Amino acid sequence: MAASHRTADMALPQAEVNWDRLDKTKFYMVGAGLFSGISAALYPISVIKTRLQVVGAESVHKTAGTIFRHIISTEGIKGLYRGFGIVITGAIPSRMVFMTSLETTKAATLKIAEKMELPEATAAAVANGTAGLVSSMASQTVFVPLDVVSQRLMVQGTVGTTQYSGSMDAVRQILKADGIRGLYRGFGMSVLTYSPSSAVWWAAYGSSQRLIWRGLGYGSRDDVEPPSQAKMVLVQASGGIAAGFVSSIATTPMDTIKTRLQVLKSETEGTPTIAQTVKQLIKENGYRGFYKGLVPRFVSMSLWGTSMITSYEFLKRLSVKQEE
């Protein structure tokens, strides 16, 4: 059987909705609200992860649990949402760029993979991985300034950080000190962190989901009943967990360097370089320091990935053009 036929058999139209089948207006409008809600629910985990990555060796708050208790006791619940306002403000344009790039790139790459007659799971991994890489790079131009400001607010109160009265004050101080470049501090490292992470996540998700569907008998026989909504959610959630595990292991070191580069000052009070940041991290914690925040990052990526992908796939099914 030709690769294109195998891919078509496994496409599972009920579970996988391609770009050309979407009502774009509904897709963007419903998606904006959906992902804003998910961001709000999972934001506190990002705050704790970020604090873990920048905490110094002299701090008494070195675990996720102690950091959580410290934030609650000193700042209350609002401390878990530092910087959330600016993140949610920029989430809509950033997500629109990401989703558009993701779906169009995936569709184009899948056609190329089919022509190359790649195995089914491999074709899915290549198409999804390429789409994840391209869409992440495109969205970084919108996301990085928001990330810089929100992370500066997240770590207020820790050693080596600046105090701000709010998001706009942070923007003003950053622009005054470093100009527009200050808002793109760590841009290169952010691209090196999030783009490979996105590529690995989407590649792992695409291939693992296809393997799970094949294990359940879809694509190999013609007499299999269409999957139920519950089965689709379960398979997609399982793929999200697998993708979160693979990508968190692969990318936490780069994420730790990127976070410290964005929020800490160098020993000379200037803007630190990547080399200075790496050297200081090794000095403080050894090479295991590159995996500071691994557990909350894995939890965050798994929860976010599972919530995001099941919601995203549901959003696409909800946004199928009415004539279908």
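Reading the values: rules and limits
Residues numbered from 1 in each chain as written. Predicted model: local features only at pLDDT ≥ 70, side-chain atom pairs only at ≥ 80, totals over all residues. Heavy atoms only, no water. UniProt positions renumbered as here; feature names shortened; annotations may be inferred. Helix = DSSP H or I, 4+ residues; strand = E, 2+ residues; numbered from the N terminus. Buried < 20%, exposed > 50% of the residue type's maximum accessible area, 1.4 Å probe, protein only. Contact = heavy atoms within 4.5 Å. Areas by Shrake-Rupley, 256 points an atom, 1.4 Å probe, with all protein chains shown as cover. Salt bridge = Lys/Arg side-chain N within 4 Å of Asp/Glu carboxyl O. Bend = angle between axes of the 7 residues up to and from the residue. Polar contact = N/O pair within 3.5 Å; in protein donor to acceptor, adjacent residues only side chain to side chain. Core = buried A, V, L, I, M, F, W, Y, C linked by side-chain atoms within 4.5 Å.

- In the annotation of an unreviewed UniProt entry, the entry for the protein chain reads Mitochondrial carrier protein, and the organism field reads Riccia fluitans.
- What UniProt records for the protein chain under Sequence similarities (unreviewed entry) is the sentence "Belongs to the mitochondrial carrier (TC 2.A.29) family."
- The Subcellular location (unreviewed entry) field of the UniProt record for the protein chain holds the comment "Membrane".

## So, the overall build of the protein chain
Link 1 in the chain: Scanning the protein chain from N- to C-terminus turns up 11 helices and zero strands.
Link 2 in the chain: When the elements of the protein chain are put in sequence order from the N terminus, they spell out α-α-α-α-α-α-α-α-α-α-α.
Link 3 in the chain: Across the 324 residues that make up the protein chain, the buried fraction comes to 50%.
Link 4 in the chain: When contacts within the protein chain are restricted to residue pairs at least 6 apart in sequence, long-range pairs at least 24 apart make up 80% of them.
Link 5 in the chain: Total accessible area on the protein chain stands at roughly 15000 Å², and carbon and sulfur atoms take up 65% of it.

## As for the pattern of salt bridges
Link 1 in the chain: Under the criterion given, the structure shown has eight salt bridges.
Link 2 in the chain: R82 is the partner of E75 in a salt bridge, and the nearest nitrogen-oxygen pair spans 2.5 Å.
Link 3 in the chain: Given the relative accessible area of 17%, E75 is considered buried.
Link 4 in the chain: In this structure R82 comes out as partly exposed when scored by relative accessible area, which is 26%.
Link 5 in the chain: Between K106 and E103 there is a salt bridge whose closest N-O contact spans 3.7 Å. Of this pair, K106 and E103 are both found in helix α4 (residues 84-115), three residues apart, which corresponds to roughly one turn of the helix. By the burial criterion, K106 is buried, and E103 matches it.
Link 6 in the chain: A network of salt bridges, in which partner residues are shared, links E103, K106, E313 and K316.

## Comments concerning the UniProt feature "transmembrane region" (unreviewed entry) in the protein chain
Link 1 in the chain: Taken from the UniProt record, the annotation "transmembrane region" (unreviewed entry) applies to residues 27-45.
Link 2 in the chain: Across residues 27-45, helical content stands at 100% and strand content at 0%; the span's end C-alpha atoms are separated by 27 Å.

## Describing helix α2 (residues 24-54)
Link 1 in the chain: The axis of α2 is deflected most strongly, by about 45°, at L42, and proline P44 appears within four residues downstream.
Link 2 in the chain: Looking at where α2 begins, the residue whose side-chain oxygen comes 3.3 Å from the main-chain nitrogen of T25 is D23.

## Section: the nonpolar core
Link 1 in the chain: Of all hydrophobic cores here, the largest spans 24 residues; its most connected members are Y43, I86, V149 and I174.
Link 2 in the chain: Contributions of two or more residues to this core are made by α2, α3 (64-75), α4, α5 (120-154) and α6 (167-178).
Link 3 in the chain: In terms of residue count, α5 provides more of this core than any other element does, six residues in total.
Link 4 in the chain: If near-sequence neighbours (up to four positions away) are discounted, I86 is found in contact with L146, V149, S150, S167 and V171.
Link 5 in the chain: In this structure, W19, L42, A131 and L315 belong to the second largest nonpolar core, which totals 23 residues.

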